[in-house]
Amino acid sequence: MTLSAKDKDCLNAVENAADMRVAGVDEAGRGPLAGPVVTAAVILDPTRPIAGLGDSKTLTARRREALAREIREKAWVGIGIAEPAEIDRLNILHATMTAMARAVARLPVRPERVLIDGNRVPEGLPCPAEAIVKGDAREPAIGAASIIAKTLRDALMEEAARRFAGYGFEGHKGYPSKAHREALMALGPCPIHRTSYAPVREALRIAELSPDAPDCGKLD
């Protein structure tokens, strides 16, 4: 197999870190109105290279799924999740940082260094860490974490679509699309909506004022 220049750069970065267990960390789901924020921590094995790693948003769903299976097979993976109630309690930034720390803590091996996608480093990590803006496109381990977080969150939202019919979670995955906003206003919030987000608060207010509001709009 002939590797592209980008893939060669990625493999070289992994090989250069062979003497150190470097964990890449990324998240999926900060922007949606519903569902959890999902984070992943990945330590790549330099003896088992994976071609094609990068920002999950630039890949097709089929390619992401294939890479996610390969990453789980060849690398060490930890997952951290913050559910909507925790997001509402902490705010999305702090909930994401908490979930990232959980992902690192749940790695099956202890990292010696952590690379975080973005511009903030969570507190309480077990080793030195660095934040890298757009790190998912620059660091193979962060790219791998991006793929794991995205595919897992998509699967969770597809499951949510079966539990809470009518919102279209299988399509927009909880993001504030036009279809989602319309369903939210028509049905009211369901238990996985983030009530600290303004569109959800407004829908909840309308649902509580309407005597004909559907049951799913009443979160108690």
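Quick look at the structure, then. (Residues numbered from 1 in each chain as written. Predicted model: local features only at pLDDT ≥ 70, side-chain atom pairs only at ≥ 80, totals over all residues. Heavy atoms only, no water.)

1. A short note on the environment of A41
Inspection of the secondary structure puts A41 in strand β2 (residues 37–43). Each C-alpha atom, one on A41 and one on L115, is 9.2 Å from the other, the two residues being 74 residues apart in sequence. Those residues in contact with A41 that sit more than four places away from it in its chain are G24, V25, W76, V77, G78, A103, V104 and L107. (Helix = DSSP H or I, 4+ residues; strand = E, 2+ residues; numbered from the N terminus. Contact = heavy atoms within 4.5 Å.)

2. A few points about the packing of helix α2 (residues 61–74) against helix α5 (residues 140–163)
The description of two packed helices rests on the angle between their axes and on the distance between the axes. Here α2 crosses α5 at 115°, and the two axes come no closer than 9 Å. One finds that α2 runs roughly perpendicular with respect to α5. Pair α2 / α5 crosses with left-handed handedness. Contact with α2, carried on its side by R64, E65, L67, A68, I71 and R72, involves A144, I147, I148, K150, T151 and D154 of α5 and no other residues of that element. (Axes fitted to C-alpha atoms, helices over the stretch in contact; angles between N-to-C directions. Parallel < 35°, antiparallel > 145°, perpendicular 65-115°, else oblique. Left-handed = near helix turned anticlockwise from the far one by under 90°.)

3. Some words on the pairing of β2
Across the seven residues of β2, seven count as buried, placing the element largely inside the fold. Here β2 shows no split at all, with V37, T39, A41 and I43 on one side and V38, A40 and V42 on the other all buried. One ladder, built from six bridges, connects strand β1 (residues 22–28) with β2; its direction is antiparallel. In the sheet register, A23 faces β2, and the bridge partner there is I43. Where β2 meets strand β3 (residues 76–82), seven bridges bridge the pair, whose relative direction is antiparallel. Paired with I43 across the strands is W76, a residue of β3. (Buried < 20%, exposed > 50% of the residue type's maximum accessible area, 1.4 Å probe, protein only. Pairing = 2+ DSSP bridges.)

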